[in-house]
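Chain and residue survey
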Amino acid sequence: MGFDHWSAANIAFLAVSVAVGIGFGMMRGASTVLFEKDGTLHQRYTVKTLIVWGLSLAASAGLHFGAQAIGAEEVVRPITLSIGLSLLGEAITCGWRGQQTGIPFAVKDSGRRGDDIGDRLSGIFDSAG
């Protein structure tokens, strides 16, 4: 019992979906404003961001109808995949842009005991800039 849905239509749809999802996410990430507040990096959406959201929704609808037209199966068209790819693209772009600012992603809490994954990741990101 494996995934036996590797048709040409399904593969084509998945390839296009990955490119469109990550691409629109990256455009959305590029349209945000990054700023410092209380010593840490913050992000704000802009009117451009909302326009990109609208365009990505229209593209998703187009992909849905295009997938039906080429015979891509419903099993390879989950909306959660589209959302996840889009958020990944946004995170890649905002993360890269955030690194370029030199502003810390988080402030260390000296009152906390122990070492957790957040401290280690914050240290990686803060030292990479």
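Here, the structure is the one placed above.
All values derive from a computational prediction rather than experimental measurement. (Residues numbered from 1 in each chain as written. Predicted model: local features only at pLDDT ≥ 70, side-chain atom pairs only at ≥ 80, totals over all residues. Heavy atoms only, no water.)

Overview of the packing of helix H1 (residues 8–30) against helix H3 (residues 79–101)
So the rule is basically this: Axis definition: a line fitted to C-alpha atoms, limited for helices to the stretch in contact. Angles are taken between N-to-C directions and run from 0 to 180 degrees. Segments assigned H or I by DSSP are reported as helices when at least four residues long, segments assigned E as strands when at least two residues long, and all are numbered from the N terminus. Should an angle fall under 35 degrees it is taken as roughly parallel, and over 145 as roughly antiparallel, whereas 65 to 115 is taken as roughly perpendicular and any remaining angle as oblique. Handedness of a crossing follows from how the near helix is turned relative to the far one, being left-handed for an anticlockwise turn of less than a right angle and right-handed for a clockwise one. Two residues form a contact once any of their heavy atoms are found within 4.5 Å. When residues are grouped by polarity, Ala, Val, Leu, Ile, Met, Phe, Trp, Tyr, Cys and Pro land in nonpolar, Asp, Glu, Lys and Arg in charged, and all others, Gly among them, in polar.
Running from amino to carboxyl end, H1 crosses H3 at an angle of 40 degrees, the nearest separation of the two axes being 7 Å. Classified by the interaxial angle, the pair formed by H1 and H3 is oblique. Judged by the sense of rotation from one axis to the other, the crossing of H1 with H3 is right-handed. Touching Leu14, Ser17, Val18, Gly21, Ile22, Gly25, Met26, Arg28, Gly29 and Ala30 of H1 are Leu81, Leu85, Ser86, Leu87, Leu88, Gly89, Glu90, Ile92, Thr93, Cys94 and Arg97, all from H3. Each residue belonging to the contact of H1 with H3 can be placed in one class, and the counts come to 11 nonpolar, 7 polar and 3 charged.

What to know about the layout of surface pockets
The condition is simple: Using only the protein atoms, space was sampled on a 1 Å grid; points where a 1.4 Å probe fits but cannot get out form cavities, open sets with protein on both sides within 12 Å along at least five of seven lines form pockets, and lining residues are those with an atom within 4 Å of a point. Grid points are joined across faces, edges and corners, and a volume is the space filled by probe spheres set on the points.
Within this model, the largest pocket holds a volume of roughly 220 Å³. Lining of the largest pocket is provided by 13 residues; of these, Ser56, Ser60, Ser82, Ile83 and Ser86 occupy positions nearest its centre. Counting residues per element, the ones that place at least two in the lining of the largest pocket are H1, helix H2 (47–70) and H3. Take the lining of the largest pocket: its biggest share by element is 5 residues, from H2.

What to know about the nonpolar core
Operational definition: Residues belong to one nonpolar core when they are buried, are Ala, Val, Leu, Ile, Met, Phe, Trp, Tyr or Cys, and are joined through side-chain atoms within 4.5 Å. Using a 1.4 Å probe on the protein chains alone, a residue whose accessible area is under 20% of its type maximum counts as buried, one over 50% counts as exposed, and one in between counts as partly exposed.
Phe13, Leu63, Ala67, Ala72 and Val76 together form the largest nonpolar core, which totals 5 residues. Not counting residues within four places of it along the chain, the set of residues in contact with Ala67 comprises Phe13, Ala72 and Arg77.

Looking at the packing of aromatic side chains
Rules: For this analysis, a ring pair means two rings from Phe, Tyr or Trp (six-membered ring only for Trp) whose centres lie within 6.5 Å, classed as stacked if their planes differ by under 30 degrees, edge-to-face if by over 60, and tilted for the remaining angles. Working rule: Lys NZ or Arg CZ, within 6 Å of ring centre, within 35 degrees of ring normal, means a charge sits over the ring.
Using the criterion set out here, one finds 0 aromatic pairs in the structure. Its end group placed over the ring of Phe35, Arg44 keeps NZ or CZ at 4.4 Å from the ring centre.

Considerations on the pairing of strand E1 (residues 33–37)
Just so we agree on the cut-off: Any two strands with at least two DSSP bridges between them are considered paired.
Across 5 bridges, E1 lies against strand E2 (residues 40–44) in antiparallel orientation. The residue of E2 that forms the bridge with Glu36 is Leu41.

Topic: the side chain of Asn10
Residue placement: Asn10 occurs in helix H1. The contact partners of Asn10, leaving out residues within four places of it in the chain, are His5, Gly71, Ala72, Glu73 and Val76.

A look at H2
What counts is decided by this rule: Multiplying one less than the number of residues by 1.5 Å gives the expected span of a helix. Any pair of N or O atoms that falls within 3.5 Å is considered a polar contact. Within protein, one atom must be able to donate a hydrogen and the other to accept it, and sequence-neighbouring residues count only if both atoms are side-chain atoms.
Spanning 24 residues, H2 covers 34 Å between terminal C-alpha atoms, matching the ideal 34 Å at 1.5 Å per step. Among all positions of H2, only Thr49, Val52, Ser56, Leu63 and Ala67 are buried. Where the residues of H2 are buried, they touch H1. The opening residue of H2 is Thr46, an N-cap whose side-chain oxygen sits 3.2 Å from the backbone nitrogen of Lys48. Just past H2, the residue Gly71 takes up positive phi, approximately 90 degrees.

Worth remembering: the numbers are spatial, not functional.
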